[in-house]
Amino acid sequence: MQQENKKTKMTREERKQYMFVIQELTSREIKRKYARSYLGIIWSVLNPLLMMTVLSMIFTQIFKRSIENYPIYYLSGYVIWHMFTGATNAAMTTLVDNRTMLIKVRFPMQVFIFARVYTALTNLGYSLVAYVIMMAVFRIVPGVTIVFYPVIILLVLMFSLGLSLILATAYVFFGDVKHLYSIITTVWMYLSALFYPVDSIRGLPRMIIEINPIFQYINAARNVVMYHTWPSWTELFAMVAWAVGMLALGWLVFSKNKNKIMQKI
């Protein structure tokens, strides 16, 4: 009984230690990203605002009849898309980037992947500052449905982590994955209805968009923030299934290749 309690205690201590490492790695990533910038982390707020301004100037006139408060419509999708791509792109190269630490330090490899994903979540927090500011400017008053927004972010985070585990594993063995994923995310972005109404699309493209997990998260976020609408049970099931399924698949792929990764690195 005492041995079991000791093991549990050690596990808790290890978890605290790993969380500390993740926080330190996150802090290092953020400092490195803005090391040569005078405005520093303020760019995390300015970037979505600048993107929103540019795209609003281009598309507001086109979609003004079908999308009310277009800048908020765009930002609602952008902040989620930016977190997803920021997490997966950064996590993809983390094992190779930190090969020296992986060899010298006895930490689970996945800690480095978790740190990159956590960094993307931290950056989302800053982007949400811009989001809230623009909601105030356009007088978007959140309803009770806003309480579901953190759930959507959690599901996106789980989906991103699962895909990050797969990409980080693949990149160790195939460096071209980085270039291939860049092409995939470009296509993926256009299939996520970031800056156009999905109602304007018909046929097979519409079907592809609607089964796209990122679009489902973005659409749910818009509904709970802008239109005060709860996700249906079907939508909720799909979002949870994508998040849990991708995380389980990512963990399986990573676990099966863990030893091969260390040999390759």
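Each chain has its residues counted from 1, following the order in which its sequence is written. Local features in this predicted model are restricted to residues whose pLDDT is 70 or higher, and side-chain atom pairs enter the listing and the counts only when it is 80 or higher, whereas totals over whole chains, interfaces and linings include all residues. Only hydrogens and water are removed before side-chain values are computed, so all heavy atoms of the structure are retained for them.

Caption draft 1: Expanded view of the overall build of the chain. The numbering of helices and of strands both runs from the N terminus, where a helix is a DSSP run of H or I of at least 4 residues and a strand a run of E of at least 2. Along its length, the chain carries 12 helices and zero strands. Each residue is placed in one exposure class: buried if its accessible area under a 1.4 Å probe, protein chains only, is under 20% of its type's maximum, exposed if it is over 50%, and partly exposed if it falls in between. Sorting the 265 residues of the chain into buried and exposed places 43% on the buried side. Residue contacts follow a heavy-atom distance rule, with two residues in contact if any of their heavy atoms lie within 4.5 Å. For the chain, long-range pairs separated by at least 24 residues make up 78% of all intrachain contacts whose partners lie at least 6 apart in sequence. Under the convention used here, a 1.4 Å probe and the Shrake-Rupley method define accessible areas, while residue burial counts only the protein chains that appear. Entry remark: accessible area of the chain is about 15100 Å², with carbon and sulfur atoms responsible for 64%.

Caption draft 2: Quick look at the pattern of salt bridges. Counted as salt bridges are all cases of a side-chain nitrogen of Lys or Arg within 4 Å of a carboxyl oxygen of Asp or Glu. Taken as a whole, this structure holds three salt bridges when the rule is applied. Of the charged contacts, one joins Asp97 and Arg116 as a salt bridge, the two residues approaching to 3.5 Å between their closest N and O atoms. On the criterion of sequence distance, the pair formed by Asp97 in helix α4 (residues 94-97) and Arg116 in helix α6 (residues 110-137) is long-range, its members being 19 residues apart. You can call Arg116 buried: its relative accessible area is 8%. For Glu210, the salt bridge is made with Arg206, and the minimal N-O distance between the two is 2.7 Å. You can see Glu210 and its partner Arg206 sitting in helix α9 (residues 203-211), four residues apart, about one turn around the helix. The partly exposed category is assigned to Glu210, whose relative accessible area is 36%. Each member of the salt-bridge network shares a partner with another, and the members are Asp199, Arg206 and Glu210.

Caption draft 3: Up close: the layout of surface pockets. The volume enclosed by the second largest pocket comes to roughly 200 Å³. A cavity here means a set of points on a 1 Å grid, drawn over the protein atoms and nothing else, where a 1.4 Å probe fits but cannot get out; a pocket is an open set with protein on both sides within 12 Å along at least five of seven lines, and a residue lines either one if it has an atom within 4 Å of a point. Around the second largest pocket, the lining residues are Val198, Glu210, Phe215, Gln216, Asn219, Ala220, Asn223, Pro231, Glu235, Ala238 and Met239. Where the lining of the second largest pocket is concerned, the elements lending two or more residues are α10 (213-225) and α11 (233-256). Grid points are joined across faces, edges and corners, and a volume is the space filled by probe spheres set on the points.

Caption draft 4: Structural context of unusual backbone geometry. Even without being glycine, Asn69 reaches a positive phi, approximately 55°. As for its placement among the helices and strands, Asn69 is situated in the loop between α2 (43-63) and α3 (70-92). For Arg139, which is not a glycine, the phi torsion comes out positive at approximately 55°. Within the element layout of this structure, Arg139 appears in the loop between α6 and α7 (149-173). The class of Arg139 is exposed, set by a relative accessible area of 74%.

Caption draft 5: Local environment of the packing of aromatic side chains. Ring pairs shown here join Phe, Tyr and Trp side chains whose ring centres sit within 6.5 Å, with only the six-membered ring taken for Trp; geometry is labelled stacked below 30 degrees between planes, edge-to-face above 60, and tilted in between. The final tally for this structure, using the stated rule, is 13 aromatic pairs. Here the aromatic rings of Trp81 and Phe84 are separated by 5.7 Å at their centres, their planes lie at 55°, and the arrangement is tilted. With Trp81 and Phe84 both in helix α3 and three residues apart, the pair spans about one turn of that helix. The same class applies to Trp81 and to Phe84, which are both buried. A centroid spacing of 6.5 Å and a plane angle of 10° characterise the contact between Phe114 and Trp251, whose relative ring orientation is stacked.

Caption draft 6: Structural view of the confidence of the model for the chain. Each residue carries a pLDDT score, the predictor's confidence in it, ranging from 0 to 100. When pLDDT is averaged along the chain, the result is 82, and 75% of the positions lie at 70 or above. Looking across the chain, the model is least confident in helix α1 (residues 2-33), with a mean pLDDT of 56, and most confident in α10, with 96. Within the model, the stretch residues 1-10 combines pLDDT values under 50 with zero contacts to residues more than four positions away or in other chains.

Caption draft 7: The arrangement of the nonpolar core in detail. Note on terminology: a nonpolar core comprises buried Ala, Val, Leu, Ile, Met, Phe, Trp, Tyr and Cys residues joined through side-chain atoms within 4.5 Å. Membership of the largest hydrophobic core comes to 66 residues, with the highest contact counts inside it found for Ile80, Phe84, Leu95, Tyr149, Ile152 and Tyr217. Secondary-structure elements contributing two or more residues to this core are α3, α4, α6, α7, α8 (177-190), α10 and α11.

Caption draft 8: Structural detail: the side chain of Thr88. Relative to the assigned elements, Thr88 resides in helix α3. Overall, Thr88 belongs to the buried group, its relative accessible area being 0%. Polar contacts involving the side chain of Thr88 include one to the main-chain carbonyl oxygen of Thr85, which spans 3.4 Å. Residues within four places of Thr88 in sequence aside, it is in contact with Ser160, Leu163, Ser164, Leu167 and Tyr181. Between N or O atoms, a polar contact is any pair within 3.5 Å; within protein, one atom must be a potential hydrogen donor and the other a potential acceptor, and residues adjacent in sequence are included only when both atoms are from side chains.

Caption draft 9: Up close: the packing of α7 against α8. The interhelical angle for the contact between α7 and α8, taken along N-to-C directions, is 150°, at an axis separation of 10 Å. By the angle between their axes, α7 is roughly antiparallel relative to α8. Contact with α7, carried on its side by Phe159, Leu163, Leu167, Ala170 and Tyr171, involves Val177, Lys178, Tyr181 and Trp188 of α8 and no other residues of that element. The axes used here are C-alpha line fits, helices contributing only the stretch in contact, and every angle between their N-to-C directions lies in the interval 0 to 180 degrees. Throughout, the term roughly parallel applies to angles under 35 degrees, roughly antiparallel to angles over 145, roughly perpendicular to angles from 65 to 115, and oblique to all others.

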